Amino acid sequence: MTDAPAPTGTAPHATTPHAVWSTDPAARPGTPLLVLLHGYGSHEHDLMGLIPELPGEFSVASLRAPQPAQLGFQWFPLAADLSFSAERVAEAVAPVAAWLRERAAEHSSITLLGFSQGMAMATSLARALPGEIAAVVGLSGFVVPGEHTAFADERLRERPLPMFWGRDPQDPVIPQHLVDSTAEWMLEHADVMKVHYTGVGHGISPQELRHVREYLTHVVLGG
């Protein structure tokens, strides 16, 4: 699955994240929560197609990024060379982190799955909420380099973040310097399973989804 155009009739910018859910409200209490974070220029419905391939024990919520970009939305502004401001990332993280904390009391755990720019958001949220995120699945994306006052990286050095990182080494979208800085960050802050997939480009393969399912089952669900 790659970034896809947004459906017509989408709502304008909102501070509180807009979510679509896999389950009705009555079925959610006590379940583990899996939150999907889409890529740049995409929308909250794009990653919903992954749900049949993921463990059925999860309640799944897919969030829409707040800012219009191309035919969809972005979590924070990206330049043509994928450069960005750490301050804008921190601003994007704050309302989503608040939303996650509101959901925490209802669910047994919270796991984040982010694709492309969504991986940057997922890892940034875990850095802002150390110890509150069960695991992060990052697909074809990156970690925001450097430290920031919004992130508590020192806590993750003490208790590394469980993480799955899947990517194609020939991904034509993510710059090599972001790949390198992501790998460096993980050395100190994550207990990571790294898997390479050839021929995927900037996308998600069926084999990768099988590995993600296995990872979530064993690491988050304890199966």
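Residues numbered from 1 in each chain as written. Predicted model: local features only at pLDDT ≥ 70, side-chain atom pairs only at ≥ 80, totals over all residues. Heavy atoms only, no water.

Generally speaking, a soluble globular protein has its nonpolar side chains buried in company with each other. By size, the foremost hydrophobic cluster in this structure holds 43 residues, and its most contacted members are Val-35, Phe-76, Leu-100, Leu-112, Met-121 and Leu-125. At the level of secondary structure, the elements contributing two or more residues to this core comprise β2 (33-37), β3 (59-64), α1 (86-104), β6 (110-115), α2 (117-128), β8 (161-167) and α4 (176-189). Tallying contributions element by element places α1 first for this core, with seven residues. Residues within four places of Val-35 in sequence aside, it is in contact with Ala-61, Leu-63, Trp-99, Leu-100, Ile-110, Thr-111, Leu-112 and Leu-113. (Core = buried A, V, L, I, M, F, W, Y, C linked by side-chain atoms within 4.5 Å. Buried < 20%, exposed > 50% of the residue type's maximum accessible area, 1.4 Å probe, protein only. Helix = DSSP H or I, 4+ residues; strand = E, 2+ residues; numbered from the N terminus. Contact = heavy atoms within 4.5 Å.)

All right, on to α4 then. An α-helix turns once per 3.6 residues; consequently, residues spaced three or four apart project the same way. End to end, α4 covers 20 Å across 14 residues, agreeing with the expected 20 Å (1.5 Å per residue, within 8%). Along α4, the positions that sit buried rather than exposed are Leu-178, Val-179, Ser-181, Thr-182, Trp-185, Met-186 and His-189. Projected onto a plane normal to the axis of α4, the buried residues spread over an arc of 165 degrees and lie on a single side. When the buried face of α4 is taken as reference, the exposed residues oriented beyond 90 degrees from it are His-177, Glu-184 and Leu-187. Packing partners of the buried residues in α4 comprise α2, α3 (153-158), β8 and β9 (190-196). (Expected span 1.5 Å × (residues − 1). Arc of directions from axis to C-beta.)

Ordered in space as β1-β3-β2-β6-β7-β8-β9, the seven strands form an open sheet in which the pairing is mixed. Bordering the open sheet on either side are β1 (18-21) and β9, each of which pairs with just one other strand. Ignoring which end each strand starts from, the neighbouring axes of this sheet average 20 degrees apart. Pairing of strand β7 (residues 135-139) with β8 involves four bridges; the strand directions are parallel. For Val-136, the partnering residue across the bridge sits in β8 and is Met-163. Relative to the sheet, α2 contacts β2, β6, β7 and β8, its axis offset from that of β6 by approximately 150 degrees. Running at roughly 155 degrees to β8, α4 makes contact with β8 and β9 of the sheet. (Pairing = 2+ DSSP bridges. Axes fitted to C-alpha atoms, helices over the stretch in contact; angles between N-to-C directions.)

Residues in a regular strand project their side chains so that they alternate between the two faces of the sheet. Of the pairings in the sheet, the one linking β8 to β9 comprises seven bridges and is parallel in character. Of the residues in β9, the one forming a bridge with Gly-166 is Val-195. Note on the crossover from β8 through α4 to β9: the handedness is right-handed. (Right-handed = clockwise from strand over helix to strand, strands pointing away.)

Further remarks concern α2. The end-to-end C-alpha distance of α2 is 17 Å, a good match for the 16 Å that twelve residues give at a rise of 1.5 Å each. Most of α2 sits inside the fold, with eleven of its twelve residues counted as buried. Listed as buried for α2 are Gln-117, Gly-118, Met-119, Ala-120, Met-121, Ala-122, Thr-123, Ser-124, Leu-125, Ala-126 and Arg-127.

This part takes up the environment of Val-60. Relative to the helices and strands, Val-60 resides in strand β3. Residues Val-60 and Met-186, spaced 126 residues apart in sequence, show a C-alpha to C-alpha distance of 26 Å. Every residue in contact with Val-60, bar those within four places of it in the chain, is listed here: Val-20, Trp-21, Ser-22, Leu-34, Leu-36 and Ile-51.

For β2, a buried count of five out of five residues is recorded, marking the element as mostly surrounded by other parts of the structure. Alternating positions in β2 separate into two faces, Leu-33, Val-35 and Leu-37 on one and Leu-34 and Leu-36 on the other, with burial throughout. Alignment of β2 against β3, held across five bridges, turns out to be parallel. Within β3, the residue paired with Leu-34 across the bridge is Val-60. Bridging between β2 and β6 involves five bridges; their strand directions are parallel. In the strand pairing of β6, Leu-33 is matched with Ile-110.

Under the criterion given, the structure shown has six salt bridges. Here Arg-88 ties to Glu-91 by a salt bridge, and the two come within 2.5 Å at their closest N and O atoms. With Arg-88 and Glu-91 both in helix α1 and three residues apart, the pair spans about one turn of that helix. Here Arg-88 falls in the partly exposed class, since its relative accessible area comes to 34%. Given the relative accessible area of 47%, Glu-91 is considered partly exposed. Where Arg-127 meets Asp-153, a salt bridge forms, and the shortest distance between an N and an O atom there is 2.8 Å. Pair noted here: Arg-127 is in helix α2 and Asp-153 is in helix α3, with a separation of 26 residues, a long-range link. The exposure class of Arg-127 is buried, given its relative accessible area of 0%. (Salt bridge = Lys/Arg side-chain N within 4 Å of Asp/Glu carboxyl O.)

Worth remembering: the numbers are spatial, not functional.
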